[in-house]
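What follows is the residue order along each chain.
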Amino acid sequence: MSQEFNLKMINLAHNIAKSKFGQTFPNPTVGCIIAKNSKIISKGVTNNSGRPHAEEIALEKAGSKSKGATMFVTLEPCFHSSKNGSCADQILRAGIKEIFISSPDPDKRTSNKSILKLRKNKVLVNVGLLKNKTHSLNKFFFKSIKKKQPFTKVKLAVSDDEKIAWSNYKSKWISNEYSREYGHKLRLYSQAILTTSKTIIKDDPKLTIRLNKNKEIHIPIIIIDKNLKIPLDSNILKNISKKRVIIFTALKNKKSLHLTKLGCEIIYCKQNINNKLNLKNIFKKIYSLNISDILVEAGGIFFTEILKNKLVDEIHLFKSKIIIGQNGKPAIHGKNISKLKLSLQETKKFRSDTYLNYKVV
């Protein structure tokens, strides 16, 4: 098959993978195509639960036609187990003669092991075609495995003078309805939302995904609440049977026991010498809970803290033309966003608002 056809197939595999982004957490989304004589036999994409994998879905669809065919897959097939044993073993059993793999898997259980095994068993293995696409699509997966902490995005709506609220917190919306709708899409493409008790007390948000007027989607909520100040009648504690609520606190008392009975997961943390919770330890713990991707929706003080602790990977900024003035609440304490070391990834216009997606470098 020609190089042009190979490129077309691996591009198509990435498009298939992209269609499932945000639905396979904590697993990466992977696309797979099996072709023979320049014709597509079957396609597969990671299932919602992360299992079965894209390769085994494509192999099952192809059946005996897989013998002597070529596979195109966006990430190295697993060396450990999936639904029917490792994907590497399934590929060998099916008689695939050649495989194009965009990127090795960073997971130590697989990393380069499947590539080596396939080569040892006389499969022609090509690695690296459109590798950057795989890394870009599943950046949460590559970064979280490397750092052993979740890939962390911060969502901020700011005024033109970089304030997130009026001094009395009476401001309801800074960004417009089109920006807010895109903000719900950011939630949809995240595994969990991280917030603080202060944000819950000030705003009483639902932190649900409301892209459809008739449907409300619940995703896990993580709350940093050192002194357990969260009000028991908060919106976030309603419909608790439909979502996972995790609270990090330093207090163990009647209220914490009551929250546990309600269905919250309470994780107790020791305070450091400054009477604060250790955020780096909390983020490691979040990762150990199988959460690899979080969207932070909180205030300027918390944003400043996680920036200081080098825990932020991306900033999603919605900038309006409103001027709040010097008495407003700043997005970052003691520094302007423009002074941070950032790399602009994407920009969009939502009527009068400007959306900026930054990578923290």
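Residues numbered from 1 in each chain as written. Predicted model: local features only at pLDDT ≥ 70, side-chain atom pairs only at ≥ 80, totals over all residues. Heavy atoms only, no water.

A.B. asks: Got a sec to walk through a positive patch on the surface? Specific residues and values, please.
C.D. replies: The grouping of Lys108, Lys148, Lys280, Lys284, Lys310, Lys335 and Lys341 at the surface amounts to a positive patch. Within the secondary structure layout, Lys284 lies in helix H10 (residues 279–288). The class of Lys284 is partly exposed, set by a relative accessible area of 38%. (Patch = residues over 30% accessible without salt bridge, like charges linked within 9 Å, V, L, I, M, F, W, Y side chains within 5 Å. Areas by Shrake-Rupley, 256 points an atom, 1.4 Å probe, with all protein chains shown as cover. Salt bridge = Lys/Arg side-chain N within 4 Å of Asp/Glu carboxyl O. Lys, Arg positive; Asp, Glu negative; His and termini not counted. Charge placed at Lys NZ, Arg CZ, Asp CG, Glu CD. Helix = DSSP H or I, 4+ residues; strand = E, 2+ residues; numbered from the N terminus. Buried < 20%, exposed > 50% of the residue type's maximum accessible area, 1.4 Å probe, protein only.)

A.B. asks: Give me the sheet that holds strand S8 (residues 192–196): which residues, what numbers.
C.D. replies: The nine strands are arranged S13-S12-S11-S8-S14-S6-S15-S18-S17 in an open sheet whose pairing can be described as mixed. One side of each edge strand has no neighbouring strand; the edge strands of this open sheet are strand S13 (265–268) and strand S17 (342–350). In this sheet, adjacent strand axes meet at a mean angle of 20° when their direction is disregarded. The sheet contact formed by strand S12 (residues 245–249) and S13 spans four bridges and is parallel. Opposite Phe248, over in S13, you have Ile267 as the bridge partner. Contacts from H10 reach strand S6 (151–158), S8, strand S11 (221–224), S12, S13 and strand S14 (293–296), with the element oriented near 150° to S12. (Pairing = 2+ DSSP bridges. Axes fitted to C-alpha atoms, helices over the stretch in contact; angles between N-to-C directions. Contact = heavy atoms within 4.5 Å.)

A.B. asks: Break down the layout of surface pockets for me, with residues and values.
C.D. replies: Empty space among the atoms becomes apparent when a probe as large as a water molecule is rolled across them. Its volume calculated, the second largest pocket comes out at about 770 Å³. Forming the boundary of the second largest pocket are 25 residues, of which Lys18, Phe21, Ser136, Leu137 and Lys139 lie nearest the centre. Class assignment of the residues belonging to the lining of the second largest pocket gives a composition of nine nonpolar, eight polar and eight charged. (1 Å grid on protein atoms, 1.4 Å probe; cavity = no way out; pocket = protein on both sides within 12 Å on 5 of 7 lines; lining within 4 Å. Points joined across faces, edges and corners; volume = space filled by probe spheres on them. Nonpolar A, V, L, I, M, F, W, Y, C, P; charged D, E, K, R; others polar.)

A.B. asks: With reference to specific residues and values, describe the pairing of S17.
C.D. replies: Consecutive residues of a regular strand have side chains that alternate between opposite faces of the sheet. As defined by bridge partners, S17 adjoins strand S18 (residues 353–360) across eight bridges and the pair is classed as antiparallel. Following the sheet pairing, Ser343 is matched in S18 by Lys359. Here S17 folds back onto S18, and the loop between the two strands holds two residues, one of which, Arg351, carries a positive phi near 55°.

A.B. asks: Run through the environment of His333, naming residues and quoting values.
C.D. replies: In this structure, His333 sits in the loop between strand S16 (329–330) and S17. A relative accessible area of 41% means that His333 is categorised as partly exposed. Residues His333 and Gly300, 33 residues apart in the sequence, show an inter-C-alpha distance of 6.6 Å. His333 has contacts with Gly300, Ile301 and Thr304, leaving out every residue within four places of it along the chain.

A.B. asks: Outline helix H2 (residues 54–62), listing residues and values.
C.D. replies: All of the buried residues along H2 are Ala54, Glu55, Glu56, Ala58, Leu59 and Ala62. Looking at the buried side of H2, the elements it contacts are strand S1 (31–36), strand S2 (39–45), strand S3 (70–75) and helix H3 (87–94). Within two residues after H2, Gly63 carries a phi angle of roughly 60°, on the positive side.

A.B. asks: Which residues make up the nonpolar core, and what are the values?
C.D. replies: Ranked by internal contacts, the top residues of the largest apolar core, which has 36 residues, are Leu156, Ile222, Phe248, Ile282, Phe303 and Ile306. Dropping the residues within four chain positions of it, Leu156 is found in contact with Ile164, Phe303, His316, Leu317, Phe318, Ala331 and Ile337. Counting residues in hydrophobic clusters, the runner-up holds 28 residues, among them Phe21, Ala54, Leu59 and Leu137. (Core = buried A, V, L, I, M, F, W, Y, C linked by side-chain atoms within 4.5 Å.)

A.B. asks: Can you lay out the sheet that holds S2 for me, pointing to particular residues and giving the numbers?
C.D. replies: Within a sheet, adjacent strands bond to each other through the backbone by hydrogen bonds, running parallel or antiparallel. In space, the five strands of this open sheet follow the order S2-S1-S3-S4-S5, with mixed pairing throughout. Both outer strands of the open sheet, S2 and strand S5 (124–127), are each paired with one neighbouring strand and no more. For this sheet, the mean inter-axis angle between neighbouring strands, taken without regard to orientation, is 15°. Of the pairings in the sheet, the one linking strand S4 (residues 98–103) to S5 comprises four bridges and is parallel in character. For Ile101, the partnering residue across the bridge sits in S5 and is Val127. Against the sheet, H2 contacts S1, S2 and S3, and its axis sits at roughly 140° relative to S2.

A.B. asks: Give me the lowdown on the state of the cysteines, citing residues and values where you can.
C.D. replies: Summed over all chains, the structure comprises zero disulfides. Just so you know, Cys78 is unpaired, no disulfide at all, and the nearest cysteine sulfur is the one on Cys87, 3.7 Å from it. On the basis of relative accessible area, Cys78 is assigned to the buried category, the value being 4%. For Cys87, a relative accessible area of 1% gives the class buried. (Disulfide = S-S within 2.5 Å.)

Without other data, these values stay purely geometric and don't point to any function.
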